[in-house]
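# Structural features, examined
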Amino acid sequence: MSDISRSHEYLSFRSTIPQRKIIVDDDNSKEWTLYEAGPKTVKSPLICFPPASGTADVYFRQVLGLSALGYRVIAVEYPIYWTMKEFVEGFRKLLDHLVLDRVHIFGASLGGFLAQKFAEHSCRSQRVASLILCNTFYDTTIFQQTNSAPTFWMMPAVYLKKMVMGSFERRATEPEIVDSIDFMLDGMSQQALASRLTLNCMNCYVEPQKLRDVDILLMDVFDECALSSGVREEMCKCYPEAKRAHLKTGGNFPYLSKSTEVNVFLQIHLRKYDMGPYRARELTENELQLLSEADGTLNKSS
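A brief look at the structure comes next. (Residues numbered from 1 in each chain as written. Predicted model: local features only at pLDDT ≥ 70, side-chain atom pairs only at ≥ 80, totals over all residues. Heavy atoms only, no water.)

This paragraph deals with the sheet that holds strand β3 (residues 46-49). Judged by pairing direction, the sheet is mixed, and its eight strands sit side by side in the order β1-β2-β4-β3-β5-β6-β7-β8 without closing on themselves. Two strands close off the open sheet at either side, each with one partner strand: β1 (19-23) and β8 (243-247). On average, each strand axis in the sheet is inclined to that of its neighbour by 25°, with strand direction left out of account. The strands that helix α3 (residues 60-67) touches are β2 (31-37), β3, β4 (73-77) and β5 (103-108); relative to β4, the one it contacts most, it runs at about 165°. (Pairing = 2+ DSSP bridges. Helix = DSSP H or I, 4+ residues; strand = E, 2+ residues; numbered from the N terminus. Axes fitted to C-alpha atoms, helices over the stretch in contact; angles between N-to-C directions. Contact = heavy atoms within 4.5 Å.)

The next subject is the side chain of D215. With respect to the secondary-structure elements, D215 resides in strand β7 (residues 215-221). Among the polar contacts listed, one links the side chain of D215 to the side chain of K272, at a separation of 3.2 Å. A polar atom in the side chain of D215 sits 2.6 Å from the side chain of Y273. Filtering out sequence-adjacent residues up to four positions away, D215 remains in contact with A129, S130, L131, H269, K272 and Y273. (Polar contact = N/O pair within 3.5 Å; in protein donor to acceptor, adjacent residues only side chain to side chain.)

Let us look at the pairing of β8. As paired strands, β7 and β8 are joined by five bridges and run parallel to one another. When the sheet's bridge partners are listed, V221 is paired in β8 with L247. With respect to chirality, the unit in which β7 leads through helix α9 (residues 229-238) into the neighbouring parallel β8 is right-handed. (Right-handed = clockwise from strand over helix to strand, strands pointing away.)

Grouped together as the largest cluster of nonpolar side chains are 95 residues, with contacts concentrated most on F106 and Y255. The element contributing the most residues to this core is helix α4 (residues 84-98), with seven residues. Once residues lying within four places of it in the same chain are set aside, the contact partners of Y255 are P51, V58, Y59, R61, Q62, F106, A108, C134, M184 and V262. (Core = buried A, V, L, I, M, F, W, Y, C linked by side-chain atoms within 4.5 Å. Buried < 20%, exposed > 50% of the residue type's maximum accessible area, 1.4 Å probe, protein only.)

This brings us to α4. Compared with the 21 Å implied by 1.5 Å per residue over 15 residues, the 21 Å span of α4 between its first and last C-alpha is a close match. A positive backbone phi angle near 60° is found at V99, which sits one or two residues after α4. (Expected span 1.5 Å × (residues − 1).)

As a further point, take unusual backbone geometry. Phi is positive for V99, close to 60°, though the residue is something other than glycine. Considering the arrangement of structural elements, one finds V99 in the loop between α4 and β5. Within the chain, Q126 stands out as a residue other than glycine whose phi angle is a positive 55°. As for its position among the elements, Q126 is in the loop between α5 (110-121) and β6 (128-134).

Where α3 contacts helix α11 (residues 259-271), the two axes come as close as 10 Å, and the packing angle between them is 55°. When the interaxial angle is binned, α3 and α11 end up oblique. As α3 packs across α11, the resulting crossing turns out to be right-handed. In this structure, α3 uses R61, Q62, G65 and L66 to contact α11, whose residues at the interface are S259, V262, N263, L266 and Q267. Broken down by class, the residue content of the contact of α3 with α11 amounts to three nonpolar, five polar and one charged. (Parallel < 35°, antiparallel > 145°, perpendicular 65-115°, else oblique. Left-handed = near helix turned anticlockwise from the far one by under 90°. Nonpolar A, V, L, I, M, F, W, Y, C, P; charged D, E, K, R; others polar.)

One pass over the structure, following the stated rule, counts 23 aromatic pairs. Aromatic pair Y81 and F87: ring centres 6.5 Å apart, planes at 80°, arrangement edge-to-face. Look at Y81 and you get buried, because its relative accessible area is 2%. Residue classification places F87 among the buried positions, given a relative accessible area of 0%. An aromatic cluster is defined as three or more aromatic residues linked by ring pairs; in this entry it consists of W32, F49, Y78, Y81, F87, F91 and F118. (Phe/Tyr/Trp six-rings, centres within 6.5 Å; stacked < 30°, edge-to-face > 60°.)

Geometry only, nothing functional implied.
Next comes the structure, spelled out in structure tokens:
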């Protein structure tokens, strides 16, 4: 068990933030797992998509830290979906169930890829207000596993875990980065891991032209991570108008190892929505007063 799993912060999260299970598909075995905090009055929350190896609680530091500042944050864990069509339809149904029209999505690695695919799928209905993409990719062929992907469902969990974790560098000198890797190793079922790897490696890519109206922030690290610098450069070419956020260090899971810095970047990104219909946090009384005064001034001048 990792030091993070034993920390007071994580134990406090598990004891104060209830875990929810939601079924939105006809198949009752397909459960979405959610951890949510923040005001329910906010209708455009930040939703966090985990990577292939992670469960919803990998974002516990975003849920705790940002909700304390008035943000509504929902960390989700996907059901066992084997196709991209299943995933995007399932997430659309989840948003409908939660009565959320337009949301902000923070996705890391596979989570970032799935966030792009949902934004692409919903480009006409505009269910995505913005994307924050961390250490992610837009084309699964970079993993060179498209031919093997259809067989992942029958491979042992030990082998699948070695596939995932074999690309994570453990030479990091910073204990926070090493501990973040250990935390990500904590349990997922064989079927859950196999389905994630199938989505991660099946022959699929994003059509970036369909995301041209989506506000995008690209977040990456300058130290070692599983994705090459070439892959990260290609992401920048795909989204030339995107804002960029760099962390000097952070490894593969900066939202765990450098959560304070990541949370600051998330706040800066979301701040521009504070006074509009897609705000991710509840405004204070002073902020509401300023908004009211600004509206009054605008009405007088018109």
